[in-house]
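Structural description and commentary
Here are the chains, one letter per residue:
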Amino acid sequence: MPRPRGCQELTSAQRGKIIGRAFHGQNLSEIARELGCNRKTVKKWLDRQQDDGAEWAKSRQRSGRPRATTAAQDEALVQDVTDHPLRHRSVLLDKALEYGCSHETIRHRLKEVGLSNFRPATKTFLTVEHKARRLEWAQRNIELPQDYWNLVVWTDEKVFRSDQQGKVFLYRPRGTRFEPQYVVRNEHSGRITAHFWAYMTAAGPGELIPVAERMNSAVYTALLENTLLPSLRANFPDQEEFIVMHDNSAVHTSRHTQTWLERHPEIICLDWPPRSPDLNPIEHVWGFMVQEWEKRREDRVQEVLQAHVMELWQHYQQNPGHCSALVANMQERLRDVIHNQGDFTRF
């Protein structure tokens, strides 16, 4: 018979107190009142002490509730989730209906074999050529000292988008977040909600600029001319040259942008491998902002999003050590690229 909900089994010490108080002449009601249990419980343990002898204090084995799934169903479930880890969670609900059990039972079965529920990592899709170029770049720069990376000006544009598919979850073993089968390839979807451009260095965040129009070469060079250069000259007056990192987007490699860069030899562009946001420390700052935004459940509109981003950026400006820590692991990022033969890293 199942134990009533909320009823706790007596400990060995409590069972011993029942026998001791009965030995000293207390009746069932007195013992029950003192130990906070009922008379039937007291009588059960007194009877068992007489019937079972030395084994009286041990709990008897119970049959328990029958298991809701068979061994074959458990094996099929685990195999299905292992083969298709990125399936939508509705598949698990379908399995629960098929097996005639609850969704919670399905979760317990997966947990029993070490499969826990997580949000997957999102990474950019890499071709064989992309991996080869990333590997070559990492091998070529792995010996650069940390002082070099501390001088780099890390720039990036960030487009915040609404996700039409909602949050994605998967079941996987712990410690396997960045294994390829558990990673979602990053594909742009959803409507654009806010667009920003920014830069940071190991010394901390620089400028953060909302971009109201479509980013093109003219808009980008205007940002370099009117925002980046004046800010760098003001923040680093002793430097005559600035190593600037920007990726290989068409806006950055266009003839218009290249002509502007030729007229400004104080800007030295860092050679950058393709499809490598995981190597750019500023991407982590964007990631933290997205995480904080996802926690919000009210006023999810463009104006509030822009204010949210600006507020967090100011927070990072007041706490520059975060940027320093992100830049400090550049060599570790390069080692990851080499170890993974050019594939994406855990960053």
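Our subject in this report is the structure included herewith.

What counts, and where the lines are drawn
Residues numbered from 1 in each chain as written. Predicted model: local features only at pLDDT ≥ 70, side-chain atom pairs only at ≥ 80, totals over all residues. Heavy atoms only, no water. Helix = DSSP H or I, 4+ residues; strand = E, 2+ residues; numbered from the N terminus. Contact = heavy atoms within 4.5 Å. Areas by Shrake-Rupley, 256 points an atom, 1.4 Å probe, with all protein chains shown as cover. Phe/Tyr/Trp six-rings, centres within 6.5 Å; stacked < 30°, edge-to-face > 60°. Buried < 20%, exposed > 50% of the residue type's maximum accessible area, 1.4 Å probe, protein only. Salt bridge = Lys/Arg side-chain N within 4 Å of Asp/Glu carboxyl O. 1 Å grid on protein atoms, 1.4 Å probe; cavity = no way out; pocket = protein on both sides within 12 Å on 5 of 7 lines; lining within 4 Å. Points joined across faces, edges and corners; volume = space filled by probe spheres on them. Nonpolar A, V, L, I, M, F, W, Y, C, P; charged D, E, K, R; others polar. Axes fitted to C-alpha atoms, helices over the stretch in contact; angles between N-to-C directions. Parallel < 35°, antiparallel > 145°, perpendicular 65-115°, else oblique. Core = buried A, V, L, I, M, F, W, Y, C linked by side-chain atoms within 4.5 Å. Expected span 1.5 Å × (residues − 1). Arc of directions from axis to C-beta. Left-handed = near helix turned anticlockwise from the far one by under 90°.

Some thoughts on the overall build of the protein
Helix and strand counts for the protein come out as 15 helices and nine strands. By sequence separation, contacts in the protein at least 24 residues apart represent 75% of the contacts at least 6 residues apart. Summed over its atoms, the accessible surface of the protein is roughly 20800 Å², and 49% of this surface lies on carbon and sulfur atoms.

Considering the packing of aromatic side chains
The tally for this structure, following the rule as stated, stands at seven aromatic pairs. Taken together, a centroid distance of 6.0 Å and an interplanar angle of 75° make the contact between Trp 154 and Trp 272 edge-to-face. Pair noted here: Trp 154 is in strand β3 (residues 152–161) and Trp 272 is in the loop between β9 (267–269) and α12 (282–294), with a separation of 118 residues, a long-range link. Its relative accessible area of 0% is what places Trp 154 among the buried residues.

As for the pattern of salt bridges
In total, this model carries 15 salt bridges according to the counting rule given. Residues Asp 47 and Lys 43 are paired through a salt bridge, measuring 2.8 Å at the closest nitrogen-oxygen approach. With Asp 47 and Lys 43 both in helix α3 (residues 39–52) and four residues apart, this pair spans about one turn of that helix. The network of salt bridges with shared partners includes Arg 67, Asp 74, Arg 109 and Glu 112.

Observations concerning empty space enclosed by the protein
In total, this model carries one cavity of 30 Å³ or more according to the counting rule given. Lining the largest cavity, in full, are Tyr 220, Leu 224, Leu 228, Val 244, His 246, Trp 260, Leu 261, Ile 267 and Cys 269. Those elements giving two or more residues to the lining of the largest cavity turn out to be α9 (217–235), α11 (255–262) and β9. Looking at the lining of the largest cavity element by element, the count peaks at three residues for α9. Considering only residue class, the lining of the largest cavity consists of eight nonpolar, one polar and no charged.

Section: the packing of helix α4 (residues 71–83) against helix α6 (residues 103–112)
One can describe the packing of α4 onto α6 by two numbers: an axis separation of 10 Å at closest approach and a directional angle of 80°. In terms of axis orientation, α4 runs roughly perpendicular to α6. Contacts between α4 and α6 involve Asp 74, Leu 77, Val 78 and Val 81 on the former and, on the latter, Ile 106, Arg 109 and Leu 110. Here the contact of α4 with α6 is composed, by residue class, of five nonpolar, no polar and two charged.

As for the nonpolar core
Core analysis: the largest hydrophobic core is formed by 34 residues, its most contacted members being Trp 149, Trp 154, Phe 160, Leu 270, Trp 286 and Met 289. With residues near it in sequence (within four places) discarded, Leu 270 still touches Tyr 148, Trp 149, Val 152, Trp 154, Ile 243, Val 244 and Met 245. Judged by nonpolar contacts, the second largest core, of 18 residues, contains Val 211, Val 219, Leu 224 and Trp 260.

Some points on helix α13 (residues 302–318)
For α13, spanning 17 residues, the distance from its first C-alpha to its last is 25 Å, which sits close to the expected 24 Å at 1.5 Å a residue. Those residues of α13 that fall on the buried side of the exposure criterion are Leu 305, His 308, Val 309, Leu 312, Trp 313 and Tyr 316. An end-on view of α13 places all buried positions within 130° of arc, on one side of the element. Away from its buried face, by an angle of more than 90 degrees, α13 presents the exposed residues Glu 303, Glu 311 and Gln 318.

Focus on unusual backbone geometry
If you check the backbone angles, Arg 275 has positive phi at about 50° while not being a glycine. For Arg 275, the position within the fold is in the loop between β9 and α12. Accessibility expressed as a relative area gives 41% for Arg 275, which makes it partly exposed.

Some details on the packing of α9 against α11
Running from N to C, α9 and α11 cross one another at 25°; their axes reach a closest spacing of 8 Å. Here α11 runs roughly parallel to α9, going by the angle between their axes. Viewed along their axes, α9 and α11 form a crossing whose handedness is right-handed. Of α11, the residues touching α9 (which contributes Ser 217, Ala 218, Tyr 220, Thr 221, Leu 224, Glu 225 and Leu 229) are His 256, Thr 257 and Trp 260.

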